[in-house]
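Notes for the structure review
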Amino acid sequence: MSGVAIGSVNMAVAQEDDTIKVGILHSLSGTMAISESTLKDEMLMLIEEQNEKGGLLGKKLEPVVMDPASDWSRYAEQARDMLTGDDQVDVIFGNWTSASRKAVLPVVEEENGLLFYPVQYEGEESSENIFYTGAAPNQQAIPAVDYLRSQGVERWALLGTDYVYPRTTNKILEAYLKEHGVADEDIMVNYTPFGFSNWQSIVSDVADFGSQGKKTAVVSTINGDANVPFYTELSNQGISASDIPVVAFSVGEQELSGIDTGPLVGHMAAWNYFMSVDSDANYDFIDNWVEFTDDETAVTNDPMEAHYIGFNMWLEAVREAGTADVDAVKDSIIGVTVPNLSGGSSAMMPNHHITKPVMIGEIQDDGQFSVVWETSGNVAGDAWSDYLPESQNLISDWRAPLRCGKLNVESMTCEDGAGDE
């Protein structure tokens, strides 16, 4: 609390004690704003709703919002400011890309903060200070590829933005596909920078790749606003879902709201939630979101559900612990189960991942998704992939007395390091 006179310190402390501060670390500008700004607004809504219910432990929740502007180093700087500066937040909800999460990870570990991370990611990481409420690869990427294989797909174009999430996810998918008999020549991999817009030659290459007499699909880990020109170029070149279907891991209702989806009907996304899910909990959430935004056309998406789940898990853990103290919350949150938006529930596991259903949705001409496939129940998130030799013997368990994020079950030794860079 800069500028507070010495004589006012006790009053300042008393005022701080009247609130529990919640950090919101999402880009409101730059290439990731198309995806992240919505999550900031959602967190403000959830905090407002909780305060209307009386707050938490008799205190009001106070949001602390920062804009890292799609700059990974700024995420780290602002996370440190949140944890050590004047605000001293009790928890952070934030980040989208794995690059930004990797930048924040050492900060929350050094300062013993809590980060709830709401977006699908590549796995191969486990931190005592991060709760991964988005999908691990076994909760999105692997089921999506299995679905495409069941539809007869034999050739695979893995297109991604050039950073850790697409590269590691595709490394896992390549290993998985080869384990299931797919030849090297039937896998195409391409990476492009954030904000990439000149898709003509790459889409042409994909068209050529898919013209070899084998059913071909694109698996897309393209992130942010590069998705808009990518899908536009597919349409420009006349590539429909019946020709070469695309299944995306980073495109949801929010991203589709910026483009004409008519030519994209039939292309797919793999998530753990869609706005079109038929459940009372979902309808209530959508109604609240529309009212909060004062926008009848406002859409919801999967990372929003992940924040909804993570926020409610944190609330419950604080209640169980009787305090917002980080160490107490870390212990009390394992095993916490809360409702999700698809009519079921999600549980926090010892590896700091959650249980989630997996869904494949097809794009409709109204920008929504029609669910065409869904797991019969929840899938437990796996921090370490079974398909990479270096991690297939690793598990994570943050319960006392083990408290290990990288346990080798063959040697029963706890290896150092939260995850690969």
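Scroll up for the structure.
Anyway, here's the lowdown on the structure attached to this text. (Residues numbered from 1 in each chain as written. Predicted model: local features only at pLDDT ≥ 70, side-chain atom pairs only at ≥ 80, totals over all residues. Heavy atoms only, no water.)

What follows is about the sheet that holds strand β15 (residues 369-374). Pairing is mixed across the open sheet formed by seven strands, whose spatial order is β7-β6-β8-β9-β10-β14-β15. What marks the edges here is a single partner per strand, and that holds for β7 (187-192) and β15. Each strand of the sheet is rotated relative to its neighbour by a mean of 25°, with strand direction disregarded. As judged from the three bridges shared by strand β8 (residues 216-221) and strand β9 (residues 246-248), these two strands associate in the parallel manner. Within β9, the residue paired with V218 across the bridge is V246. The strands that helix α7 (residues 200-209) touches are β6 (155-161), β7 and β8; relative to β7, the one it contacts most, it runs at about 175°. (Pairing = 2+ DSSP bridges. Helix = DSSP H or I, 4+ residues; strand = E, 2+ residues; numbered from the N terminus. Axes fitted to C-alpha atoms, helices over the stretch in contact; angles between N-to-C directions. Contact = heavy atoms within 4.5 Å.)

The subject of this paragraph is the nonpolar core. Note on soluble globular proteins: their nonpolar side chains tend to be buried together. The biggest cluster of nonpolar side chains holds 95 residues, and the ones touching the most others in it are L61, F230, Y231, F311, W314 and I333. If you tally residues by element for this core, the top one is helix α11 (residues 302-321), at nine residues. Apart from residues no more than four positions distant in its own chain, I333 is found in contact with F116, F131, M313, W314, A317 and M348. (Core = buried A, V, L, I, M, F, W, Y, C linked by side-chain atoms within 4.5 Å. Buried < 20%, exposed > 50% of the residue type's maximum accessible area, 1.4 Å probe, protein only.)

The antiparallel open sheet is built from three strands, whose spatial order is β17-β18-β19. The two strands at the open ends of the sheet, each matched to only one other strand, are β17 (394-397) and β19 (413-414). As paired strands, strand β18 (residues 404-408) and β19 are joined by two bridges and run antiparallel to one another. Paired with N408 across the strands is T413, a residue of β19.

Tallying each qualifying case throughout the model produces one disulfide. Linked covalently through their sulfurs, C404 and C414 form a disulfide whose S-S length is 2.1 Å. Of note, the bridge from C404 to C414 carries an S-S torsion of about 105° and is right-handed in sense. Of this pair, C404 sits in strand β18 while C414 is found in strand β19, placing the two residues 10 residues apart along the sequence. For C404, a relative accessible area of 0% translates into the label buried. (Disulfide = S-S within 2.5 Å.)

On inspection of all chains with the given rule, the structure shows 19 salt bridges. Between K178 and D184 there is a salt bridge, with the nearest N and O atoms lying 3.0 Å from each other. Given a relative accessible area of 52%, D184 falls into the exposed group. Ionic pairing is found between K330 and D327, a salt bridge with its closest N-O pair at 3.3 Å. You can see K330 and its partner D327 sitting in helix α12 (residues 326-333), three residues apart, about one turn around the helix. Judged by relative accessible area, which is 6%, K330 ranks as buried. Owing to a relative accessible area of 39%, D327 belongs among the partly exposed residues under this scheme. Connected via shared salt-bridge partners are E128, D327, K330, D331 and R403. (Salt bridge = Lys/Arg side-chain N within 4 Å of Asp/Glu carboxyl O.)

Negative charge collects at one region of the surface, where E48, E52, D278, D280, D284, D287, E291, D294, D295 and E296 lie side by side. Elements with a minimum of two residues in the negative patch: α2 (33-52) and α10 (280-293). Sort the elements by how many residues they give to the negative patch and α10 lands first, with four residues. Locating E52 in the fold gives a position in helix α2. (Patch = residues over 30% accessible without salt bridge, like charges linked within 9 Å, V, L, I, M, F, W, Y side chains within 5 Å. Areas by Shrake-Rupley, 256 points an atom, 1.4 Å probe, with all protein chains shown as cover. Lys, Arg positive; Asp, Glu negative; His and termini not counted. Charge placed at Lys NZ, Arg CZ, Asp CG, Glu CD.)

A separate point is the packing of helix α5 (residues 141-150) against helix α6 (residues 164-179). Remark: α5 packs on α6, axes separated minimally by 10 Å, with the N-to-C direction vectors making an angle of 40°. The angle between α5 and α6 falls in the class oblique. Here α5 and α6 pass one another in a crossing that is right-handed. Where α5 approaches α6, its residues A141, I142, V145, D146 and R149 are matched on the opposing element by T169, I172, L173, Y176 and L177. Per-class residue counts for the contact of α5 with α6 are seven nonpolar, one polar and two charged. (Parallel < 35°, antiparallel > 145°, perpendicular 65-115°, else oblique. Left-handed = near helix turned anticlockwise from the far one by under 90°. Nonpolar A, V, L, I, M, F, W, Y, C, P; charged D, E, K, R; others polar.)

These figures capture arrangement, not role.
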